[in-house]
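# Analysis of the macromolecular model
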Number of protein chains: 4
Amino acid sequence: MLKAAVLGATGNVGQIFVQLLNGHPWFKVSAVAASERSTERTYSEAAKWRQTMPIPEGVADLDVVDIEPKAVKDVDVVFSALPADVAGKTEENFAKAGYVVVSNASAHRMDPDVPLLNPEINCGHVSLIEEQRRKRKWDGAIVTNPNCSASVLTLPLKPIYDEFGINKVVVSTMQAISGAGYPGVPSLDIVDNVIPFIGKEEEKLETETLKVLGSPSEPAGFKVSASCHRVPTLDGHMEAVFVELKREAETESVIAAMENFVGEPQKLKLPTAPEKPVVVRREEDRPQTRLDRMEGNGMSVVVGRVRKDRAFRGVKFVALGHNTIRGAAGCGVLNAEYLKAKKFI
Amino acid sequence: MLKAAVLGATGNVGQIFVQLLNGHPWFKVSAVAASERSTERTYSEAAKWRQTMPIPEGVADLDVVDIEPKAVKDVDVVFSALPADVAGKTEENFAKAGYVVVSNASAHRMDPDVPLLNPEINCGHVSLIEEQRRKRKWDGAIVTNPNCSASVLTLPLKPIYDEFGINKVVVSTMQAISGAGYPGVPSLDIVDNVIPFIGKEEEKLETETLKVLGSPSEPAGFKVSASCHRVPTLDGHMEAVFVELKREAETESVIAAMENFVGEPQKLKLPTAPEKPVVVRREEDRPQTRLDRMEGNGMSVVVGRVRKDRAFRGVKFVALGHNTIRGAAGCGVLNAEYLKAKKFI
Amino acid sequence: MLKAAVLGATGNVGQIFVQLLNGHPWFKVSAVAASERSTERTYSEAAKWRQTMPIPEGVADLDVVDIEPKAVKDVDVVFSALPADVAGKTEENFAKAGYVVVSNASAHRMDPDVPLLNPEINCGHVSLIEEQRRKRKWDGAIVTNPNCSASVLTLPLKPIYDEFGINKVVVSTMQAISGAGYPGVPSLDIVDNVIPFIGKEEEKLETETLKVLGSPSEPAGFKVSASCHRVPTLDGHMEAVFVELKREAETESVIAAMENFVGEPQKLKLPTAPEKPVVVRREEDRPQTRLDRMEGNGMSVVVGRVRKDRAFRGVKFVALGHNTIRGAAGCGVLNAEYLKAKKFI
Amino acid sequence: MLKAAVLGATGNVGQIFVQLLNGHPWFKVSAVAASERSTERTYSEAAKWRQTMPIPEGVADLDVVDIEPKAVKDVDVVFSALPADVAGKTEENFAKAGYVVVSNASAHRMDPDVPLLNPEINCGHVSLIEEQRRKRKWDGAIVTNPNCSASVLTLPLKPIYDEFGINKVVVSTMQAISGAGYPGVPSLDIVDNVIPFIGKEEEKLETETLKVLGSPSEPAGFKVSASCHRVPTLDGHMEAVFVELKREAETESVIAAMENFVGEPQKLKLPTAPEKPVVVRREEDRPQTRLDRMEGNGMSVVVGRVRKDRAFRGVKFVALGHNTIRGAAGCGVLNAEYLKAKKFI
């Protein structure tokens, strides 16, 4: 068993990391770090645990430590659920101290020498680690997963991009409140409401998508236009996707490409890899956020309503993924599994 | 005062017609018709009144009559809030009996000789009435308003189309539950959920938009691709709109076009015409469904987040309108006001 | 394995029966019956499956049959999720045909010769079956579980009643929308709303509570006053309970009584019996509906905020239970398990 | 016109004060004060205005000043929407400086020499001001209104108490999220949830009710037991009330007492006084939070389901009131109107 630290362990994504690593066959949480307000308390005291499953026993009594390499001893891998402003410097410190940091934070995602992995799509980008170590002169590494809405969007786009080519993508999101963390969105702001703005979300979705679907050195060569909206759901980001294809395609061919898609995590049978990264539903009214967000234990993206587009030579569909699992902690855990399988950890 | 009948008066849109006509300077509800289950009861008995303002006094005690011309006597105009399947034949019967039917139903909207009016945009289409009367050999007329999501979309598109031309429109909607009428959407289907499907809504939005923005005889010459979704809000349809323009345009020019837009109803000072058909907000997080849906007494469309589009030569923005007022009964009342101003009633 | 039929299998509680019996160690669903509209279709076609787990494989392809003994062949036990108006006569027909009917319907709950079992409390009431068979001249039997709100209320009351005696109970409920079945509560009626009325619910709660807590022949001798309200939650009934005790009691003694409470199902280690029928939380803000409703796989009632009452010599607390599991299908399955353990099936 | 200052003007209740005073016939907001973070900005910059009506023109451009008497010049009355911890000392400072402070804060409500007014019930308690001035040696005064849930509860209790006497009251509340202010309740905590705890709310409801219904020098002589719960509604507190009467009463007599109840504000025709402080509905499913909270412009309490109680000699009913209008700012404005009518301002 490898020992894992979780940075930012008391926040919402931190709690999901703790939950997903509970009973994990390879990793065991042995350190939890959080901002000063939390330290000198055990995890069960510091984290206002808000998940429906109970707080894992082995973690409840861990002392919360400071978010510094010297406070986090004797671990084999570091998961970061830090907020972006703290993550930048802190994750570098851990990498300098020799740790492999598997991060959900946005701080380093777009650094050219940092892999941004949605592992079924581009786990080969781990090749950037070598460059990162050389340039930054550290033994550790920072590996990131995409923003929640980009994690969901890129999975169905990958097989389409490979088989038919893409000119343009227009995407409109309906994102859950858990994406804003805790306390996050005030209830007075979202009950009976839609907020058509999420800070920096559109920029992330428009740029990260291309990095994930590109080569290690170059983003994918198409355009993405996003409009991002918060809706009153707890978990699960729904996205309406319009794709202008390079090559004409039958709807059934597009569906087949998505259904047949598997990646390295499936081939390596990584513990957190879902059987199918993309599940296509044929009913006219699926996927639905509440009913389908836990597909593949929250690691599959569920696609539905695949149909011809009237305005483009292309297709349109809706895609749904669990924002704190596939879109955050689950993607991080899968990244760590891949890094271990490839001996980076 | 002109006497008005409301057909389908007990349903949700019927109740909004009754509410909007309460205290109206020109029209007075003097007959309410509903399906057989409702008749032999007064309106207050038959309608399970679900509005926050009280049931209007003059209407509460009206007897509910059958939805037939012979049951509805001595009225000057007929408002129809009938469901589509009943509306087709029934509205024809009323037109044959000499009534001008101002309808919210979809049954006749796409008939080539029936005006589909969002009055600030295309009230000139009333010219079709002459053809309608000649071909159908009746003295009455059927005039319709667009589907709720098309009513909202077309208002901001009109000034853009006129000034810059449009090649393509991609639109993704987040529609309120009141759009499905009553009882409509079961609560078990929509609490903590998004349903990415509304029957026939995308087809209506894609076709009605072009009829409204076209000439009386020909639809507008661009393409619309829609994806329609139900979200857990009570009233107000939010739409994320991506527009590929014919001619390059600065964002500020697009905003100016929308802000300066007025139509015949404003010039004629019709009672229900909002001061501004399109209100543009500059805040980064507006419009919001709950906060802004009553702008202009529910008759204005509120636009926000107007910005350049990354994938198109064009703009993107969000638009919000009240689906049962601007998108249904309010648009119908405004149509009737225009028809009266032009002596059709 | 015993073969089970589910009557009313396509409704919401019927679906929960099917879900809970999936993988059950003793029972296997081999017949599904529903009203005529559903028949001549398979279960997966007839049931609009709305659960988050997939429709169980062995049941999906069963043909839906009519709700009559002759249509349901070769089963060992019959679970009834029928609506009250259908259940009365139909369940009698099944009992006459020799079946043991484990029913969630209200039709026969208050019949003096029909056991109304919340099994940890009063499984001894199965003694009524003998009388039932003799009087009604049938070989089968009807056994019922309480209404959802009574199932939740009676579990914490039982140890209090036994140890301290009860003079009066005042209870105010906050009930989830799934309690009304499907389509049930229209979303327009419940978003941003509380409805302070649920048809016949207060009467059921006031009378069933006393039957469950009484002897087979006589209701418990205290008074219950209920006020029942629908709130916008999906699952889980929260109840504010005020108890006037016969004998003075310390709060900690009341808590201890609830925590130590176990019943026959726990002693017999029945498969569906939760380890603890009543779980007491000490935090000031628990139980919470969404976080705690699945405690004990939805079979435990979670109690919190146990405190002295200002107006009574007594205690007050809140109790939460899952209305379609402990309050309906789960209680039914536990009843069936008890009946099998006691050789009634 | 009298000039009014609003302290804590940028918070949620502060905004409601500003909204209710807009267009008021007697008072005009001429100063807005808020904590340091807000100062050196205009009100429209400092207040994140979240009401559905636009920010009042005359107030939008006022400079936000510090919450000190010297910063607030030249006003005739001070409305306080301060949080409890700030209110205690600050309101005293204003009273010392000679101002009449009409406060919604809890800090001084239970001070024996401070009137706690729900004006239809006990405006005579203003007699305490004389004692307050003498003891505290100031020329100003502090006058408070009750906590939101107590404001709602006491109105229907008053006529019952006067006509039939009361032994005990048990009350269970279902309170809206706006009661917690802004940002207040995180959406992750309340969507699809009930939280059965609101800090200090039960104590306030149990004690303030008796002070309001008592004489200036002595609380009413019955007992109140409360259980308070947060539910997912925006505005409007619903309360299930069980009353043990001193004297036997027919349900219709209780209803008549409530319907006939009026107080001094009605007799004086104060501008904010609703025609009926208590409106009784006869339908089986009213009042409903969303439909009825604006009754009497949010100043009436709507009562429904008045019925015999099974456990007490008494009645039970549900009562609904708007928590930020009748339960906060509206009650404060009505208090100020009364004070002006009686020449205290």
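Given the structure is predicted, the values throughout are model-derived calculations rather than measurements.

What follows is about the overall build of chain A. Helix and strand counts for chain A come out as 13 helices and 12 strands. The C-alpha radius of gyration computed for chain A amounts to 19 Å, which stays within 12% of the reference 20 Å derived for 345 residues, consistent with globular compactness. Along the first, second and third principal axes, the C-alpha set of chain A runs to 60 × 50 × 35 Å. Per-residue burial for chain A yields a buried fraction of 63% across its 345 residues. Across chain A, contacts joining residues at least 24 apart in sequence account for 74% of those joining residues at least 6 apart.

The next subject is the interface of chain C and chain B. On the side of chain B, 15 residues touch chain C, which itself brings 15 residues to the contact. Tallied by class, the residues present in the side of chain C that touches chain B amount to 10 nonpolar, 3 polar and 2 charged.

All names here are of chain A. Here 6 strands make up an open sheet; going across it, the order is β3-β2-β1-β4-β5-β6 and the pairing parallel. One side of each edge strand has no neighbouring strand; the edge strands of this open sheet are β3 (64-65) and β6 (141-144). Both strand β4 (residues 77-80) and strand β5 (residues 100-103) contribute to a ladder of 3 bridges, which runs parallel. Each residue of the ladder has a partner; that of phenylalanine 79, found in β5, is valine 102. Helix-sheet contacts for helix α1 (residues 12-21) involve β1 (2-7), β2 (27-33) and β4, and the interaxial angle to β1 is about 160°. Seen against the sheet, helix α4 (residues 84-96) touches β1, β4, β5 and β6 and runs at an angle of roughly 150° to β5.

Attention now moves to the relation of the copies chain B and chain A. Here the second copy of the chain follows from the first by a rotation about an axis and a shift along it. If you rotate chain B by 180° and push it 0.0 Å along the axis, it lands on chain A with an RMSD of 0.0 Å. Here the symmetry operator amounts to a two-fold rotation axis. Same-surface contact between copies: 100% of interface residues of chain B are shared with the interface of chain A.

Let us look at the sheet that holds strand β7 (residues 166-175) of chain D. All names here are of chain D. Spatial strand order, β8-β7-β9-β12-β11-β10: 6 strands in an open sheet with mixed pairing. What marks the edges here is a single partner per strand, and that holds for β8 (223-230) and β10 (278-280). Across the sheet, the mean angle separating the axes of adjacent strands is 20° when strand polarity is ignored. Summarising the sheet, β10 and strand β11 (residues 301-308) pair through 3 bridges and their orientation is parallel. Pairing of valine 279 across the sheet is with valine 302, part of β11. Packed onto the sheet, helix α9 (residues 201-213) meets β7 and β8 and runs at close to 140° relative to β8.

Looking now at the relation of the copies chain C and chain B. With an axial shift of 0.0 Å and an RMSD of 0.0 Å, the rotation relating chain C to chain B amounts to 180°. A share of 100% of the interface residues of chain C reappears at the interface of chain B, consistent with the copies meeting face to face through the same patch.

Bringing the interface of chain B and chain A into the picture now. Between chain B and chain A, the residue contacts involve 37 residues of the former and 37 residues of the latter. Within the residue set of the side of chain B that touches chain A, elements represented by two or more residues are β7 (166-175), β8 (223-230), β9 (237-245), α12 (289-292), β11 (301-308) and β12 (314-321) of chain B.

Residues three or four positions apart in an α-helix share a direction because the helix packs 3.6 residues into each turn. Residue and element names in this part refer to chain D. If you check helix α7 (residues 148-164), its first and last C-alpha atoms are 25 Å apart, about what 17 residues at 1.5 Å a residue would give, namely 24 Å. The axis of α7 is deflected most strongly, by about 35°, at leucine 157, and proline proline 159 appears within four residues downstream. Where burial is concerned, most of α7 is hidden: 14 out of the 17 residues are buried. Taken from the residues just after α7, glycine 165 is the one with a positive phi, measuring 75°.

Moving on to the domain arrangement of chain A. All names here are of chain A. With domains assigned, chain A is organised as domain 1 (2-147 + 329-341) and domain 2 (148-322). The centre of domain 1, based on its C-alpha atoms, is set 24 Å off from the matching centre of domain 2. With 29 residues of domain 1 at the contact, the number on the domain 2 side is 29 residues. If you tally residues by element for the side of domain 1 that touches domain 2, the top one is helix α13 (residues 325-341), at 7 residues. When its residues are assigned to classes, the side of domain 1 that touches domain 2 shows 14 nonpolar, 11 polar and 4 charged.

Moving on to the environment of Pro83(B). Residues and elements named next belong to chain B. Here proline 83 shows up in the loop between β4 (77-80) and α4 (84-96). Among the residues examined, proline 83 registers 14 C-beta atoms within 10 Å and is labelled partly exposed. Residues proline 83 and valine 13, spaced 70 residues apart in sequence, show a C-alpha to C-alpha distance of 9.9 Å.

So, about the confidence of the model for chain A. Averaged over every residue, the pLDDT of chain A is 97; residues scoring 70 or more account for 100%. The ipTM assigned to the predicted complex is 0.96, against a pTM of 0.97.

This part is about the packing of helix α7 (residues 148-164) of chain A against α13(A). All names here are of chain A. It is the contact of α7 with α13, at a shortest axis distance of 8 Å, that shows an interaxial angle of 95°. The angle between the axes of α7 and α13 places the two elements in the roughly perpendicular class. When α7 is examined against α13, the residues Cys148, Ser151 and Val152 are found in contact with a partner set consisting of Arg326, Gly327, Ala328 and Cys331. Considered class by class, the residues forming the contact of α7 with α13 number 4 nonpolar, 2 polar and 1 charged.

This part takes up the packing of α7(D) against α9(D). The axes of two packed helices give the description: the angle between them and the distance between them. All names here are of chain D. The interhelical angle for the contact between α7 and α9, taken along N-to-C directions, is 40°, at an axis separation of 9 Å. Crossing of α7 over α9 shows right-handed handedness. Side by side, α7 and α9 meet where Ser149, Ala150, Leu153, Thr154, Leu157, Lys158 and Tyr161 of the first sit next to Glu201, Lys204, Leu205, Glu208, Thr209, Val212 and Leu213 of the second. Here the residues of the contact of α7 with α9 are counted per class, giving 7 nonpolar, 3 polar and 4 charged.

This paragraph deals with the environment of Lys70(A). Residue and element names in this part refer to chain A. When you line up the elements, lysine 70 lands in the loop between β3 and β4. Lysine 70 gets classed as exposed once you count the C-beta atoms within 10 Å, which come to 9. Taking the C-alpha atoms as reference points, lysine 70 and phenylalanine 94, 24 residues apart in sequence, are found 9.1 Å from one another.

All names here are of chain A. Structurally, isoleucine 121 can be placed in helix α5 (residues 119-122). Each C-alpha atom of the pair isoleucine 121 and alanine 240 lies 20 Å from the other, and the pair is 119 residues apart in sequence. With residues near it in sequence (within four places) discarded, isoleucine 121 still touches Thr154, Leu155, Lys158, Val212, Leu213 and Gly263.

A separate point is helix α4 (residues 84-96) of chain C. Residues and elements named next belong to chain C. Its 13 residues give α4 an end-to-end C-alpha distance of 18 Å, which sits within 8% of 18 Å, the value for a rise of 1.5 Å per residue. Of all the bends in α4, the greatest, near 25°, is centred on threonine 90. Along α4, the residues that are buried comprise Ala87, Thr90, Glu91, Phe94 and Ala95. The inward-facing, buried residues of α4 contact β1 (2-7), β4 (77-80), β5 (100-103) and β6 (141-144). Of the residues trailing α4, glycine 98 is marked for its positive phi of about 100°.

Bringing unusual backbone geometry into the picture now. Geometrically, the link from Tyr182(A) to Pro183(A) is a cis peptide bond, its omega value of 0° lying close to zero. On the secondary structure map, Pro183(A) appears in the loop between β7 (166-175) and α8 (187-190). Positioned with a positive phi, Asp74(B) is a non-glycine residue whose angle comes to about 60°. The backbone of Lys200(D) sits at a positive phi, close to 65°, despite the residue not being glycine. Counting through the fold element by element, Lys200(D) comes out in the loop between α8 (187-190) and α9.

Conventions and cut-offs
- Residue positions are given per chain, counting from 1 as you read along its sequence in written order.
- To label them, take the chains in the order written and letter them from A, then take the ligands in the order written and number them from 1.
- Reporting of local features is limited, given that this is a predicted model, to residues whose pLDDT is at least 70; pairs of side-chain atoms are given and counted only at 80 or more, and all residues count toward the totals for whole chains, interfaces and linings.
- Runs of H or I in DSSP of at least four residues are treated as helices and runs of E of at least two as strands, each being numbered from the N terminus.
- For this measure, only C-alpha atoms enter the radius of gyration; the expected value for a globule follows 2.2 Å times N^0.38, where N is the number of residues.
- Here a residue counts as buried when 20 or more other C-beta atoms sit within 10 Å of its C-beta, as exposed when there are 12 or fewer, and as partly exposed otherwise, the C-beta atoms being derived from the backbone.
- With C-beta atoms placed from the backbone, a contact is any residue pair whose C-beta atoms sit within 7 Å.
- Residue classes follow a fixed rule: Ala, Val, Leu, Ile, Met, Phe, Trp, Tyr, Cys and Pro count as nonpolar, while Asp, Glu, Lys and Arg count as charged, and any other residue, Gly among them, counts as polar.
- The pairing criterion for strands is at least two bridges between them, as found by DSSP.
- Helix axes use the C-alpha atoms of the stretch in contact, all axes being lines fitted to C-alpha atoms, and the angles between their N-to-C directions lie in the range 0 to 180 degrees.
- The copies were overlaid with a least-squares fit restricted to C-alpha atoms from residues scoring a pLDDT of at least 70 in each copy.
- To estimate how far a helix should reach, multiply one less than its number of residues by 1.5 Å.
- What we call the bend at a residue is the angle made by axes fitted to the seven residues finishing there and the seven residues starting there.
- Boundaries of every domain are those given by an automatic assignment or by a domain database.
- Confidence scores labelled pLDDT are given residue by residue by the predictor and lie between 0 and 100.
- Geometric relationships in this document are graded by angle, where less than 35 degrees denotes roughly parallel, more than 145 denotes roughly antiparallel, 65 to 115 denotes roughly perpendicular, and other angles denote oblique.
- Note on convention: near helix rotated counterclockwise from far helix by under a right angle means a left-handed crossing. Clockwise means right-handed.

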